[in-house]
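Notes for the structure review
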Amino acid sequence: MNQVLTTAAEPLISDKLPSDQLSTNKSVSEKQITGADIVIKCLHAEGVKFVFGYPGGAVLHIYDAIYNQTHFKHILVRHEQAAVHAADAFSRATGEVGVALVTSGPGATNAITGIATAYMDSIPLVVISGQVPVPAIGLDAFQEVDMVGVTRPCVKHNFLVKDVKDIAITIKKAFHIARTGRPGPVVVDIPKDITAHKAEFDYPKNIEMRSYNPVTKGHSGQIKKAVKLLLEAKRPMIYTGGGVVLGNAAEALVKLVKTLGVPVTNTLMGLGGYPSTDKQFVGMLGMHGTYEANMAMQECDVLLAVGARFDDRVIGNPKHFFSKSRTIIHIDIDPSSISKRVKVDVPIVGDVKTVLTEMNDLLAIEAPEQPSAALKTWWAQIDAWRSKLCLNYDNSNGLIKPQHVIEKLWEVTKGDAYVTSDVGQHQMWAAQYYKFDKPRRWINSGGLGTMGVGLPYAMGCQFADPTAQVACVTGEGSIQMNIQELSTCKQYHLPIKVILLNNRYLGMVRQWQEFFYENRYSESYMDSLPDFVKLAESYGHVGMQITKPGDVEGALKEAFTMKDRFVFMDFITDQKENVFPMIEAGKGLSEMILSNDIGAEDL
Amino acid sequence: MRHIVSLLMENEAGALSRVAGLFSARGYNIESLTVAATEDPTLSRMTIVTSGSDEVIEQIIKQLNKLIDVVKVLDLNDGKYIERELMLIKVKATSTHREEMKRMCDIFRGRIIDVADGSFTIELTGSGTKLDAFIESLDKTAILETVRTGASGIGRGDRILKI
């Protein structure tokens with residue numbers, strides 16, 4: 001049995017060193033440091049600048065070590081979920097690995113939504129969670145939860161460290177796994193007693209794992225085939241996703257698209273991967289994508305998919321998608337993303353930037369100087385689809401239109417802001433009407449669709465780029481899911497601008513209820529809202545309420561002029577506004593509803 | 001179609017639950033799963049019997065490869081292979097039936113590994129269908145208890161799964 005249990009003077013579960021170990025400590029060399037200090041040194045060795053966290057019992061040794069260090073800044077959030085979201089946004093904005101630190105039990109479970117959000121969008125994170133002392137594991141100890149078990153389905157990998165000597169190598173592995181291959185969150189669960197034990201610190205320079213060797217370079221033969229197919233295509237189309245942003249491949253993509261002269265669309269996660277203001281960009285595709293993007297996807301004869309995964313919100317019903325035949329080339333770093341929902345003709349497994357660069361090199365020799373006649377005809381067709389002006393909206397009823405707010409936000413920020421969003425109608429309007437020209441500027445939860453990410457995401461962006469304009473586009477439903485972070489924003493003087501599109505409804509739920517449940521607005525009306533202006537002011541922030549369309553632009557200008565203030569802008573918007581175009585769940589790409597007046601039709 | 005997937009993985013705590021969790025989370029079938037350390041104690045070898053369309057099997061192989069602890073994956077059905085399963089079966093063997101039970105055991109090349117007053121425990125190896133056939137051939141009331149390991153598989157000849 002465990003030695004702790006045999007010592008009557010000791011509490012049943014002790015996180016202190018057992019007494020026999022204490023006596024040997026006298027002979028321990030001075031090079032030995034505590035596990036907590038090892039954690040700090042590992043984070044320093046990884047070049048971590050910010051750790052987002054919240055203290056608690058199991059991580060007290062680590063927090064004590066944080067108190068005495070200057071390598072990184074610890075950001076105290078108000079809820080562990082926000083810590084992970086903020087670390088996630090920091091990563092999305094910078095490309096570096098985000099780091100969060102939480103305590104065991106409820107601290108760990110509060111972090112789960114953040115971890116799952118990062119997992120679905122392939123964001124590299126290292127989340128360090130405290131755990132009860134090793135001898136207490138499995139005894140239903142206070143604040144114990146099996147973190148490795150609970151997070152297993154929503155992490156790239158996770159570890160439970162059971163020996164102080166393993167802390168350094170485990171953290172090294174965690175960062176390596178998080179940032180390489182298809183990135184993702186990695187959890188390192190560290191029991192409290194391990195952080196008190198001592199060992200010598202030795203951070204490995206390189207790490208090799210026989211079980212983990214992600215592919216980077218694509219198959220040259222397949223790449224040649226892909227280039228040939230694209231050059232011979234009559235109706236070529238390029239569709240790119242979050243992989244281009246995460247893989248820092250935007251530049252290579254622009255070069256490819258320009259050389260080929262073909263249309264390009266981005267997924268929700270891929271926005272900014274190609275400049276939205278460029279004429280070859282046909283807008284976002286998918287459930288709320290543009291008419292021209294969805295039609296071009298459906299009608300093309302050769303489709304190049306880059307770092308995207310043909311998910312249900314993008315191509316709708318795969319059967320309908322295959323009612324037209326086309327040759328599909330798919331580049332992705334994750335082999336399991338290829339041929340998952342859609343059968344692919346030319347799979348290329350590799351880092352998107354490396355593969356696109358290789359394609360560009362081939363094209364430098366082979367590309368024609370003039371676009372083919374077929375390509376000209378294809379563009380004429382696309383321009384005809386474009387002329388439907390599917391994003392036009394009626395802005396004349398005297399109420400603030402949410403689309404109008406986003407358009408003005410784009411103008412006022414000169415298209416250069418970090419825009420974070422929550423989840424719902426406002427997210428789609430931000431994606432449709434803010435024209436992102438750079439990658440890593442559009443920060444939202446695409447895969448998991450997590451309401452409440454907006455404000456912590458804005459915090460992560462502001463820490464990543466302290467002088468940048470950061471706007472959090474949100475709804476009155478979503479913002480209340482992490483509203484406590486107004487306090488964090490006050491503590492760190494974050495000059496975020498919250499753009500609340502307040503329609504007093506869970507707008508996207510209301511929209512579906514209007515379309516598919518005969519206007520039965522079940523529990524989607526947001527009653528008893530706070531006075532957001534007073535709420536913001538109570539935290540020392542600036543609050544504004546905007547009720548007239550004519551005031552939108554002026555208010556935005558005024559807010560962004562206050563460069564050192566957090567401004568909460570409550571826009572009272574048209575309650576009836578819906579997001580168009582729309583494809584019903586389970587329908588095909590060309591079965592769009594374009595507006596309230598035009599019903600579902602196969603155009 | 002039924003497939004036998006063999007894999008080598010790091011012999012670490014929780015590795016098994018990662019594989020089992022993957023199958024349940026993604027809705028794949030598991031007919032049987034056996035696992036034990038190999039001659040290299042840092043590696044475990046697992047044999048999973050599963051079924052699904054070609055697309056599903058392709059995804060299973062890819063998803064298994066994606067697990068960080070998994071070192072190598074082999075779909076044994078891609079070539080020639082041998083599979084064996086072990087069954088321990090406790091059967092009634094009372095005075096009049098003892099001889100008959102011994103004979104059945106011999107026919108199936110089983111071995112009696114425990115003898116008690118009223119029962120035999122028989123050890124039998126073979127393909128799953130052979131074990132099924134043995135059970136079929138016995139009087140149902142004679143079967144007291146069965147325990148089966150699930151299939152273990154290995155490639156024939158030069159097909160070797162090793163790192």
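Residues numbered from 1 in each chain as written. Chains lettered and ligands numbered in written order. Predicted model: local features only at pLDDT ≥ 70, side-chain atom pairs only at ≥ 80, totals over all residues.

Structural notes on the sheet that holds strand β13 (residues 327-332) of chain A
Residue and element names in this part refer to chain A. Across the sheet, which stays open at both edges, the six strands sit in the order β11-β10-β9-β12-β13-β14 with parallel pairing between neighbours. Both edges of this open sheet fall to β11 (281-284) and β14 (346-349), since each of them pairs with a single strand only. Shown here is a sheet whose adjacent strand axes are inclined to one another by a mean of 15°, direction ignored. The pairing of strand β9 (residues 236-240) with strand β12 (residues 302-306) spans five bridges and is parallel. When the sheet's bridge partners are listed, M237 is paired in β12 with L303. In the packing of helix α10 (residues 220-232) onto the sheet, contacts are made with β9, β12, β13 and β14, and the angle to β14 comes to roughly 130°. Against the sheet, helix α13 (residues 291-299) contacts β9, β10 (264-266) and β11, and its axis sits at roughly 105° relative to β11. (Pairing = 2+ DSSP bridges. Helix = DSSP H or I, 4+ residues; strand = E, 2+ residues; numbered from the N terminus. Axes fitted to C-alpha atoms, helices over the stretch in contact; angles between N-to-C directions. Contact = placed C-beta atoms within 7 Å.)

Considerations on the packing of helix α12 (residues 250-260) of chain A against helix α16 (residues 352-366) of chain A
Residue and element names in this part refer to chain A. Running from amino to carboxyl end, α12 crosses α16 at an angle of 35°, the nearest separation of the two axes being 9 Å. Remark: the crossing between α12 and α16 carries left-handed chirality. Taken together, the residues of α16 that come into contact with α12 (itself represented by A252, L253, K255, L256 and T259) are K353, L356, T357, M359, N360 and L363. Broken down by class, the residue content of the contact of α12 with α16 amounts to six nonpolar, three polar and two charged. (Left-handed = near helix turned anticlockwise from the far one by under 90°. Nonpolar A, V, L, I, M, F, W, Y, C, P; charged D, E, K, R; others polar.)

With respect to the interface of chain B and chain A
Facing the 16 residues of chain B at the interface are twelve residues of chain A. When residues of the side of chain B that touches chain A are traced back to their parent elements, those giving at least two are α1 (15-25), α2 (54-66) and β4 (70-75) of chain B. For the side of chain B that touches chain A, the element with the most residues is α2 of chain B, which contributes five residues.

Considerations on the sheet that holds strand β5 (residues 125-131) of chain A
Residue and element names in this part refer to chain A. The strand order β3-β2-β4-β5-β7-β6 describes an open sheet built from six strands, whose pairing is parallel. Either end of the sheet is taken by a strand with one partner, and the two such strands are β3 (73-76) and β6 (157-160). The sheet shows a mean angle of 20° between the axes of neighbouring strands, direction not considered. The sheet contact formed by β6 and strand β7 (residues 185-191) spans four bridges and is parallel. In the sheet register, L160 faces β7, and the bridge partner there is D189. Lying on the sheet, helix α6 (residues 106-120) is in contact with β4 (98-102), β5 and β7; it crosses β5 at an angle near 165°.

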